[in-house]
Amino acid sequence: MSQLSSGGRKNRAQNDKVNYKQIIYFLGAFAIICIIVTAICIFYTINGKKSENNVNESELNTDVNIEKISLDKKYFTNGIENKNVKYKEGDVVERFDGDVEDIYEYEISYEQISGLKNNDIQNKINKEIENEVKDLKILLEQNPKFERISISAYISASFSDVLSVAIDYSLIKAADLMLDEEADYKTGSVGLNYRLDTGEKLQFNDLFFNTSNIKQILNNSAYEAYAWQYAMDGETDFNMNLDNTNYGNIENKVFKILAEYNKNPDLDFYFTPKSIFAIIKDFKFEIDMKKYYEDISIYRAFIADNLYTDNSLKKEFYAFTDSYLTQSYEIENVKGTNFYYEIMCYSHDEVNAEVREKVQEKIDEHLKHYYEIAESNPDKGYMISVIYFYDTDPNSEQKYYQYDGYVTTMSLDYFNKNREKVIANARREERSELWSYDFSEVDKNIEFFEQFMAHAEDYNLEPEIRIETKADRGAI
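None of the values given here were measured: they were computed from a predicted structure.

1. Some points on the overall build of the chain
Assigned secondary structure in the chain consists of eight helices and 16 strands. Relative to its full complement of 476 residues, the chain shows a buried share of 39%. Considering only intrachain contacts with a sequence separation of at least 6, the fraction spanning at least 24 residues in the chain is 68%.

Written as structure tokens, this is what we have:
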């Protein structure tokens, strides 16, 4: 019995030893297999991630082929024309709601485009502009408090094969002196924005490069807009004591703006060649394109070929300059080796050929005079900017025109190397539409030479001319 027990224990011990070795072998083999499988998974995961990243980059980073904006380079307006349509102007509509009579006076207009080769795209855009205006009219009519509705839809930007339409509206309640009530105004804006090659609507993020920090741009621009709003608000002490201003209120409002963008990046907006106007919960604020020009892609992102029936309508202009300028320039030229001149006309719908011919004749006389001065001073460069406007009624008995020109000078080397930059910077200055450019005001390397001004207000169209020289300016 003891022998059997001893032998049994011995056999069991041997078997246990064998099983233990087998377990060790199995675990070792299993571990090796796991390592191999894990390595294979890691390999394919890494390659998968690389592939995924490459796909994402190719899908998202369209910036690769988009040229950055140059501040000295010229771009092209679109080869289209705009026509203004009056939907209702001065019509009076009477509505009765119980004993209350509401009288609505309408002043509504919108622009339509022409000149695209693709009529389907052109008709689509025009119809959407019209429908947006009509839908807005219906929406505004829901408020019985107001008695006048004004809507104006106009082309705010038309360049680089993109189009932006700004739609401004106002509701007006007239003052009621009997109730000691003042006039009440409600204003707002909406925007429509398009690619002209496809007719698709642009989204807010399409204006920027994918690498742009759009939230930071919104943050900075909204903060600045609210700060100016506080400064202009007489109910705050912002404009009297900056130290006591509660900047927390501004920061809180900006935070809400960013929160809205996070919820829906497709903001309502419209743009001009100089600015983007973002609209969030009826708050409209401006984003200065020039300030963030390295982030702006809209000047190059959607350039296309063969879109227009008449490419002669396309005009060159510098990025971030006033939109009206492209319609105003008649002549821009370099004559000889040291004489640049530009002539703008304040645009009119009607043309009085007799008056225009006379004012152009007088301007040509000035240009000839200053060109002779430039020829006599070949070591200097001369730049002249002229603008004119005139009576536009061919049937008017009174004939009228006016022009204004600045003459500036600089070294010939500076003229040759920096002329384009100087012109571009001048056109980005805040200015009245009725004045030409004094290039010396935007560049310290340029000197004021003379200013000539004239107006004619008689039947002979002979102008009264006044010249201001450098000496005259110094005496002021």
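2. Digging into the sheet that holds strand S15 (residues 447-456)
Strands in a sheet are paired, the pairing made by backbone hydrogen bonds, and the direction either parallel or antiparallel. Across the sheet, which stays open at both edges, the six strands sit in the order S11-S12-S13-S14-S15-S16 with mixed pairing between neighbours. The sheet is open, and its two borders are formed by strand S11 (329-335) and strand S16 (464-469), each paired with just one other strand. Going across the sheet, the axis of each strand differs from the next one's by a mean of 10 degrees, ignoring polarity. Pairing of S15 with S16, which is carried by six bridges, proceeds in the antiparallel orientation. Looking across to S16, one finds that Met-453 is bridged to Arg-466. Helix H6 (residues 353-376) contacts S11, strand S12 (339-345), strand S13 (380-390), strand S14 (401-411), S15 and S16 of the sheet and is inclined by roughly 170 degrees relative to S13.

3. Brief notes about the packing of aromatic side chains
Going through the model one piece at a time under the given rule, you end up with 22 aromatic pairs. On the basis of an interplanar angle of 70 degrees and a centroid distance of 5.3 Å, the ring pair of Phe-339 and Tyr-371 is categorised as edge-to-face. In this pair, Phe-339 is assigned in strand S12 and Tyr-371 in helix H6, connecting sequence segments 32 residues apart. The pair Phe-339 / Tyr-371 is uniform in exposure class, with both members buried. Through pairs of rings, three or more aromatic residues link up here, namely Tyr-75, Phe-159, Phe-204, Phe-208, Tyr-261, Phe-269, Phe-271, Tyr-299, Phe-317 and Phe-320. Over the face of the ring belonging to Phe-277 we find Lys-284, whose NZ or CZ atom lies 5.7 Å from the ring centre.

4. A few points about the nonpolar core
Ranked by internal contacts, the top residues of the largest apolar core, which has 39 residues, are Phe-204, Leu-218, Phe-271, Ile-276, Phe-285, Ile-298 and Tyr-299. By residue number, the principal contributor to this core is helix H3 (residues 214-232), which donates seven residues. In this view, Phe-204 contacts Ile-214, Leu-218, Tyr-261, Pro-265, Asp-266, Leu-267, Phe-269, Ile-276, Ala-278 and Ile-287; residues no more than four positions away in its chain are not counted. Judged by nonpolar contacts, the second largest core, of 28 residues, contains Ile-149, Val-190, Tyr-194 and Tyr-308.

5. Description of the pattern of salt bridges
Applying the stated rule across the entire model yields 20 salt bridges. One salt bridge in this structure joins Glu-342 and Arg-427, with 2.6 Å as the shortest N-O distance. Placement of the pair is Glu-342 in strand S12 and Arg-427 in helix H7 (residues 412-427), with a sequence separation of 85 residues. Taking relative accessible area as the criterion, Arg-427 reaches 4% and is therefore assigned buried. One network of salt bridges, with partners in common, ties together Lys-358, Glu-361, Lys-362, Glu-365 and Glu-462.

6. Some details on the pairing of S15
Among the 10 residues of S15, seven are classified as buried, and the element is accordingly described as predominantly covered. One ladder, built from nine bridges, connects S14 with S15; its direction is antiparallel. Its bridge partner lying in S15, Tyr-401 is registered against Ala-456.

7. Considering the sheet that holds strand S8 (residues 275-280)
Taken in spatial order, the three strands make up an open sheet running S7-S8-S9, and their pairing is antiparallel. The sheet is open, and its two borders are formed by strand S7 (268-271) and strand S9 (283-288), each paired with just one other strand. Strand-to-strand, the axes of this sheet are offset by a mean angle of 20 degrees, without reference to chain direction. Judged from the four bridges that link them, S7 and S8 form a sheet pairing that is antiparallel. For Asp-268, the partnering residue across the bridge sits in S8 and is Ile-279.

8. Considering the environment of Ile-280
With respect to the element layout, Ile-280 can be found in strand S8. Taking the C-alpha atoms as reference, Ile-280 lies 7.5 Å from Glu-260; in sequence the two are 20 residues apart. Ile-280 has contacts with Ile-257, Glu-260, Leu-267 and Phe-285, leaving out every residue within four places of it along the chain.

9. What to know about H7
Its 16 residues give H7 an end-to-end C-alpha distance of 22 Å, which sits within 8% of 22 Å, the value for a rise of 1.5 Å per residue. Taken together, the buried positions of H7 are Tyr-414, Phe-415, Asn-418, Arg-419, Val-422, Ile-423, Ala-424, Ala-426 and Arg-427.

10. Points about H6
Working note: α-helix, 3.6 residues per turn, so residues spaced by three or four point in the same direction. With 24 residues, H6 extends 35 Å between its outermost C-alpha atoms, agreeing within 8% with the 34 Å of an ideal straight helix rising 1.5 Å per residue. Along H6, the residues classified as buried are Val-355, Lys-358, Val-359, Lys-362, Ile-363, His-366, Leu-367, Tyr-370, Tyr-371 and Ala-374. Residues of H6 that are buried sit in contact with S11, S12, S13, S14, S15 and S16.

11. Description of the pairing of S13
In terms of residue burial, S13 counts as a mostly covered element, since 10 of its 11 residues are buried. Of the strand pairs in this sheet, S13 and S14 are connected by 11 bridges, and their pairing is antiparallel. Paired with Gly-381 across the bridge in S14 is Met-410.

12. Looking at the environment of Ser-170
By the secondary structure assignment, Ser-170 is in strand S5 (residues 162-173). When the C-alpha positions of Ser-170 and Ser-150 are compared, they lie 5.2 Å apart, and in sequence the two are 20 residues distant. If near-sequence neighbours (up to four positions away) are discounted, Ser-170 is found in contact with Arg-148, Ile-149, Ser-150, Lys-186 and Thr-187.

13. Digging into unusual backbone geometry
The phi dihedral of Asp-161 is positive, around 65 degrees, even though this residue is not glycine. With respect to the secondary-structure elements, Asp-161 resides in the loop between strand S4 (148-159) and S5. Under the relative-accessibility criterion, Asp-161 is labelled buried at 4%. For Phe-320, which is not glycine, the phi torsion reads 65 degrees and is therefore positive. Summarising the element assignment, Phe-320 is placed in the loop between strand S10 (316-318) and helix H5 (325-328). The class for Phe-320 is buried, based on a relative accessible area of 1%.

Rules used throughout
- Residues numbered from 1 in each chain as written.
- Predicted model: local features only at pLDDT ≥ 70, side-chain atom pairs only at ≥ 80, totals over all residues.
- Heavy atoms only, no water.
- Helix = DSSP H or I, 4+ residues; strand = E, 2+ residues; numbered from the N terminus.
- Buried < 20%, exposed > 50% of the residue type's maximum accessible area, 1.4 Å probe, protein only.
- Contact = heavy atoms within 4.5 Å.
- Pairing = 2+ DSSP bridges.
- Axes fitted to C-alpha atoms, helices over the stretch in contact; angles between N-to-C directions.
- Phe/Tyr/Trp six-rings, centres within 6.5 Å; stacked < 30°, edge-to-face > 60°.
- Lys NZ or Arg CZ within 6 Å of the ring centre and 35° of its normal.
- Core = buried A, V, L, I, M, F, W, Y, C linked by side-chain atoms within 4.5 Å.
- Salt bridge = Lys/Arg side-chain N within 4 Å of Asp/Glu carboxyl O.
- Expected span 1.5 Å × (residues − 1).

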